[in-house]
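A closer look at the structure
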Amino acid sequence: MSRTPRAVPVALALLVALLASISSGVGAGAAAEPLPLACSANTPTVPLGGKVVLKAWGRSPGGRALRYAWDVPVGKIEGRGAEVRWSLADLRPGIFAASVTASDGESTSAECLIRVAVRRDAEPRGLSRETARSLLSAGQSEIAGYGLYSYLLLGAPPSEASRERYLKAIEAYLALIPDVASLEEYLPRGELNVFYLPVRGTPPSALTALWTLDNYDYARARSLLRGLPEPNRDGPYILAAFKPVGGAGTAGPYLFQNLSSVPPHLAASWVKEFLNQAAQERFWEEKTAMQLAQRMRATVGIMGSGLPEVKKALDGWITWVR
Amino acid sequence: MKGSVGIVAVIGALSLVVWTAAYIFNPSTPLTQAETVIVVGVCAVLVFGFKWVVSSIAKMRGGNEPHS
């Protein structure tokens, strides 16, 4: 008899709790209902250094505006909204995934994944990039359409010690690399690496290293070197990039070779090494073993030029002590 | 005689390393002949100093050994 009055409030409390949990469960279910979202790339594969357009399609049940959030573990997303571009410039071949979610402010969609394969295309007809030289006169802009843009840069007018190195590098440039006009008779611009040398004045018909050095455009070289991390006030330097290098720096991958401490008689071998490097598809990735061998060779060359100086000084000391 | 040839070779090698390093760090102004003479002199002082320290330590150790 005494148990009934106690049981009623307990039963009521249980009922209320049950109803509350049911109603909150229904509410949570409605909030967790993801927005419908689909996504796709305009192509399933891209060549090395390529870009792909990503698209997402979502729909808000309430007709509200959607906000898309793109996420990529590698590369870079350009743009915003339902359609963006995914730049895969610095990646090796492989499969990469991008994800996107959409939100209308009240609910969010599930993550939608897009997989894109970066492929290594075979070089057309198995040929590598060929380098052609061209003088870059003061005020003249680079011509569009080349596969690669390279520059032979001198950071400052030559000192007594660097003059010979400059001359040897320019001699190698003139002797080893064919003129751009002659190569364009046989090859399309897209397959050429145009190797510019900035000068002032009108070049003579018979171009020499001496004329080129005397008429070198140091101001333009400084403006091109400005965007690089080091001050680079010696030289010669070789800079290569996919696009013409502007004052604001290089966009995308680039190759920078510093020939400042290369003994003059080895300058030609470094220019040759650059030509091989530029011929590669991924020209900006230096071949480590080759670079190491070149540096060792340069160090031996420097020691070779220092040996007579040291020997002379040592002989002087020995004579003086005796 | 053998020892002095070795010392001269070490001084020469050390001087050459310094000359090469100076060239690599500042290729537009390598060491002049007068500067090279100074480098060789400094290297000689270092090598003879090192030799003197090593022989002094060896003598000290020899002097501390118990005599029978």
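Rules of the game
Residues numbered from 1 in each chain as written. Chains lettered and ligands numbered in written order. Predicted model: local features only at pLDDT ≥ 70, side-chain atom pairs only at ≥ 80, totals over all residues. Helix = DSSP H or I, 4+ residues; strand = E, 2+ residues; numbered from the N terminus. Buried ≥ 20, exposed ≤ 12 C-beta atoms within 10 Å, placed from the backbone. Contact = placed C-beta atoms within 7 Å. Pairing = 2+ DSSP bridges. Axes fitted to C-alpha atoms, helices over the stretch in contact; angles between N-to-C directions. Nonpolar A, V, L, I, M, F, W, Y, C, P; charged D, E, K, R; others polar. Parallel < 35°, antiparallel > 145°, perpendicular 65-115°, else oblique. Left-handed = near helix turned anticlockwise from the far one by under 90°. Expected span 1.5 Å × (residues − 1). Bend = angle between axes of the 7 residues up to and from the residue. pLDDT = per-residue confidence, 0-100. Arc of directions from axis to C-beta. Core = buried A, V, L, I, M, F, W, Y, C linked by C-beta atoms within 7 Å.

**So, the overall build of chain B**
Check the secondary structure of chain B and you find two helices and zero strands. Going through the 68 residues of chain B one by one, you find that 22% of them count as buried.

**Comments concerning the overall build of chain A**
Helix and strand content of chain A: seven helices and 13 strands. In chain A, which comprises 322 residues, the share counted as buried stands at 29%. Sequence-distant contacts in chain A: of pairs separated by 6 or more residues, those separated by 24 or more amount to 69%.

**What about the sheet that holds strand β12 (residues 237-241) of chain A?**
Residue and element names in this part refer to chain A. With mixed pairing, the five strands of this open sheet are ordered in space as β9-β11-β10-β12-β13. The open sheet has two free edges, formed respectively by β9 (130-137) and β13 (254-258), since each of these has just one partner strand. Shown here is a sheet whose adjacent strand axes are inclined to one another by a mean of 20 degrees, direction ignored. Across four bridges, the pairing between strand β10 (residues 148-153) and strand β11 (residues 192-199) is parallel. Directly across from Tyr149, in β11, lies its bridge partner Val194. Helix-sheet contacts for helix α5 (residues 218-225) involve β10, β11 and β12, and the interaxial angle to β10 is about 125 degrees.

**Considerations on the sheet that holds strand β6 (residues 83-87) of chain A**
All names here are of chain A. Read across the open sheet, the four strands follow the order β1-β3-β6-β5; overall the sheet is antiparallel. Of all the strands in the sheet, the pair left with one neighbour each is β1 (37-41) and β5 (76-78). In this sheet, neighbouring strand axes are inclined to one another by 25 degrees on average, regardless of whether the strands run parallel or antiparallel. Of the strand pairs in this sheet, β1 and strand β3 (residues 51-58) are connected by five bridges, and their pairing is antiparallel. Pairing of Leu37 across the sheet is with Gly58, part of β3.

**As for the interface of chain A and chain B**
Between chain A and chain B, the contact holds 18 residues from the first and 19 residues from the second. Taken together, the residues that form the side of chain A that touches chain B break down as eight nonpolar, seven polar and three charged.

**Points about the packing of helix α2 (residues 160-176) of chain A against helix α6 (residues 267-279) of chain A**
Residues and elements named next belong to chain A. In contact at an axis separation of 8 Å, α2 and α6 are set at 45 degrees when each is read in the N-to-C sense. Comparing their axes, α6 and α2 come out oblique. Relative to α6, the crossing made by α2 is right-handed. Along its contact with α2, which presents Arg165, Lys168, Ala169, Ala172, Tyr173 and Leu176, the element α6 presents Ala267, Ala268, Val271, Lys272 and Leu275. When grouped by side-chain class, the residues that make up the contact of α2 with α6 number eight nonpolar, no polar and three charged.

**Concerning helix α7 (residues 288-321) of chain A**
Residue and element names in this part refer to chain A. Given a rise of 1.5 Å per residue, 34 residues ought to cover 50 Å, and the 47 Å separating the end C-alpha atoms of α7 matches this to within 8%. The largest bend in α7 is about 35 degrees, located at Gly306, with the proline Pro308 one to four residues further on. Listing the buried residues of α7 in full gives Ile302, Gly306, Glu309, Val310, Ala313 and Leu314.

**Quick word on the confidence of the model for chain A**
For chain A, per-residue confidence averages 83 on the pLDDT scale, and residues scoring 70 or more make up 86% of the total. Scored below 50 in pLDDT, residues 22-31 of chain A shows one contact in the model against residues more than four places distant or in partner chains.

**Topic: unusual backbone geometry**
Omega for the bond connecting A:Gly235 with A:Pro236 falls within 30 degrees of zero, at 0 degrees, which places this linkage in the cis form. Mapped onto the fold, A:Pro236 is located in the loop between α5 and β12.

**Things to note about the confidence of the model for chain B**
On average, chain B scores 88 in pLDDT, and the residues at 70 or more come to 87%. Among the scores for the predicted complex, ipTM is 0.84 and pTM is 0.63.

**Observations regarding α5(A)**
Residue and element names in this part refer to chain A. For α5, the full list of buried residues reads Arg220, Ala221, Leu224 and Leu225. The arc enclosing the buried residues of α5, seen along the axis, measures out at 135 degrees, which places them on a common side. Where α5 is buried, its residues meet β10, β11 and β12.

**Regarding the nonpolar core**
All names here are of chain A. Of all hydrophobic cores here, the largest spans 44 residues; its most connected members are Leu153, Ala169, Leu239 and Ala240. Excluding residues that lie within four positions of it along the chain, Leu153 makes contacts with Ala221, Leu224, Leu225, Gly235, Pro236, Tyr237 and Leu239. The next biggest cluster of nonpolar side chains, apart from the first, holds 17 residues, and it includes Val52, Val84, Ala102 and Cys112.

**Let's talk about the pairing of β12(A)**
All names here are of chain A. The buried fraction of β12 is high, at five of five residues. Residues Tyr237, Leu239 and Ala241 line one face of β12 and the alternating positions Ile238 and Ala240 line the opposite face, and both faces are buried. Strand direction decides the pairing type here: β10 and β12, joined by five bridges, are antiparallel. Directly across from Ser150, in β12, lies its bridge partner Ala240. Bridge count for β12 against β13 is five bridges, and the pairing is antiparallel. Looking across to β13, one finds that Ile238 is bridged to Gln257.

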